[in-house]
Amino acid sequence: PSLPGRLVQALARRAAPAPPPAPPAAERARLARALAPLLDPARAPGARAVCLAFTAPGCRLCRRLRGPLADFRAREADWLEVVEVDVSCPGWLPEVVHYDVRDVPCFVLLRGAGARAAARSPPPRSLALCLRSLQALGQCRPPPPRGAAP
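Quick summary incoming for the structure in this document. In this numbering scheme, every chain counts its residues from 1 along its sequence in written order. Per-residue local features of the predicted model are confined to residues with pLDDT of at least 70, and side-chain atom pairs are confined, for both listing and counting, to 80 or more; whole-chain, interface and lining totals are unaffected and use all residues. Processing note: side-chain calculations cover all non-hydrogen atoms of the structure and skip hydrogens and water entirely.

## Observations regarding helix H6 (residues 127–138)
Note on conventions: DSSP H or I runs of at least 4 residues are helices, E runs of at least 2 residues are strands, and numbering of each starts at the N terminus. One fewer than the residue count of a helix, multiplied by 1.5 Å, yields its expected span. Here H6 spans 17 Å end to end across 12 residues, near enough to the 16 Å set by a 1.5 Å rise per residue. For each residue, the accessible area found with a 1.4 Å probe, counting protein chains only, is set against the maximum for its type, and the residue is called buried under 20%, exposed over 50%, and partly exposed in between. Among all positions in H6, only Leu-129, Cys-130, Ser-133, Leu-134, Leu-137 and Gly-138 are buried. Any pair of residues with heavy atoms lying within 4.5 Å of one another is described as a contacting pair. The inward-facing, buried residues of H6 abut strand E1 (49–55), helix H3 (60–64), helix H4 (66–75), strand E3 (106–111) and strand E4 (116–120).

## A look at the nonpolar core
Leu-69, Phe-72, Leu-80, Val-82 and Phe-107 are the most contacted members of the largest nonpolar core, which has 18 residues in total. The set of elements that each furnish at least two residues to this core consists of E1, H3, H4, strand E2 (80–86), E3 and H6. Only buried residues count toward a nonpolar core, which is a set of Ala, Val, Leu, Ile, Met, Phe, Trp, Tyr and Cys residues joined through side-chain atoms within 4.5 Å. Formed by 17 residues, the second largest nonpolar core is a distinct cluster that contains Val-50, Cys-89, Val-108 and Ala-115.

## Considering the packing of H4 against H6
An axis is simply a line fitted to the C-alpha atoms; with a helix, the fit covers only the stretch in contact. Between two such axes, the angle follows the N-to-C directions and lies from 0 to 180 degrees. The interhelical angle for the contact between H4 and H6, taken along N-to-C directions, is 5 degrees, at an axis separation of 11 Å. Here H4 is positioned roughly parallel relative to H6, judged by the angle of their axes. Contacts between H4 and H6 pair Pro-68, Leu-69 and Phe-72 from the former with Leu-131, Leu-134, Leu-137 and Gly-138 from the latter. Classification convention: Asp, Glu, Lys, Arg as charged; Ala, Val, Leu, Ile, Met, Phe, Trp, Tyr, Cys, Pro as nonpolar; all other residues, Gly among them, as polar. Residue composition of the contact of H4 with H6, grouped by class: 6 nonpolar, 1 polar and no charged. Should an angle lie under 35 degrees it is considered roughly parallel, over 145 roughly antiparallel, and from 65 to 115 roughly perpendicular; all remaining angles are considered oblique.

## Brief notes about a positive patch on the surface
A contiguous patch of positive charge on the surface is contributed by Arg-60, Arg-63, Arg-64 and Arg-66. Of all the elements, H3 adds the most residues to the positive patch, at 3 residues. Assignment of secondary structure puts Arg-60 in helix H3. Distance thresholds for patches are 9 Å for like charges and 5 Å for nonpolar side chains (Val, Leu, Ile, Met, Phe, Trp, Tyr), applied to residues having over 30% relative accessible area and no salt bridge. Only the protein chains shown count as cover for residues, and all accessible areas are computed by the Shrake-Rupley method using a 1.4 Å probe. In what follows, salt bridge is the name for a side-chain nitrogen of Lys or Arg lying within 4 Å of a carboxyl oxygen of Asp or Glu. As used throughout, the charge tally considers Lys and Arg to be positive and Asp and Glu to be negative, leaving His and the chain termini uncounted. For the purpose of locating charges, the reference atoms are NZ of Lys, CZ of Arg, CG of Asp and CD of Glu.

## A look at the pattern of salt bridges
For the structure on display, the rule yields 5 salt bridges. A salt bridge links Glu-76 to Arg-141, with the shortest nitrogen-to-oxygen separation between them at 2.8 Å. Within this pair, whereas Glu-76 is found in the loop between H4 and E2, its partner Arg-141 is found in the segment after H6, the two being separated by 65 residues in sequence. Glu-76 sits in the buried class, given a relative accessible area of 7%. Because the salt bridges share partners, they merge into one network encompassing Arg-75, Glu-76, Asp-78 and Arg-141.

## Observations regarding the pairing of E2
Counted residue by residue, E2 has 6 buried out of 7 residues, so it is predominantly covered. Looking at chain direction, E1 and E2 are connected through 7 bridges and run parallel. Counted as the bridge partner of Leu-52 is Val-83 from E2. At least two bridges found by DSSP between two strands are what make those strands a pair.

## Considerations on the sheet that holds E3
Pairing is mixed in the open sheet, where 4 strands are placed in the order E2-E1-E3-E4. Looking at the sheet topology across the chains shown, the edges are occupied by E2 and E4. Pairs of neighbouring strands in the sheet enclose a mean axial angle of 30 degrees, with direction left out of account. In this structure, E1 lies alongside E3, joined through 5 bridges in antiparallel fashion. In the strand pairing of E3, Ala-53 is matched with Phe-107.

Structure below.
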């Protein structure tokens, strides 16, 4: 075949791009369960806080943070629910827009009635800055309730 014919054949053989992935149902359900108490004014004062960890699969810094983020999730599990949000999934677009996420990784701490954003990480510049952001979020732990044993 001629050059244009070979080009057409090559383009025809090329696989159609895969549709963008939907948010994992488990993560979406986890977010809904975590936010429910925050959205109920009667339950909000004692509700666990939620940390939205906005990441992207193609982000090298995000991949390097997987281990430290898992450690952070385990260490702070008694008061904080960490939900990973993949910004490349169109299903997470409402959260990305609502919290004005422009860079990844980005961490947003939600707590209080109405699931207000109580803290947010600065634009990522390095792994060290991201690790300091996680450490700072860990220091946002609410004080123990009055009368609770130390």
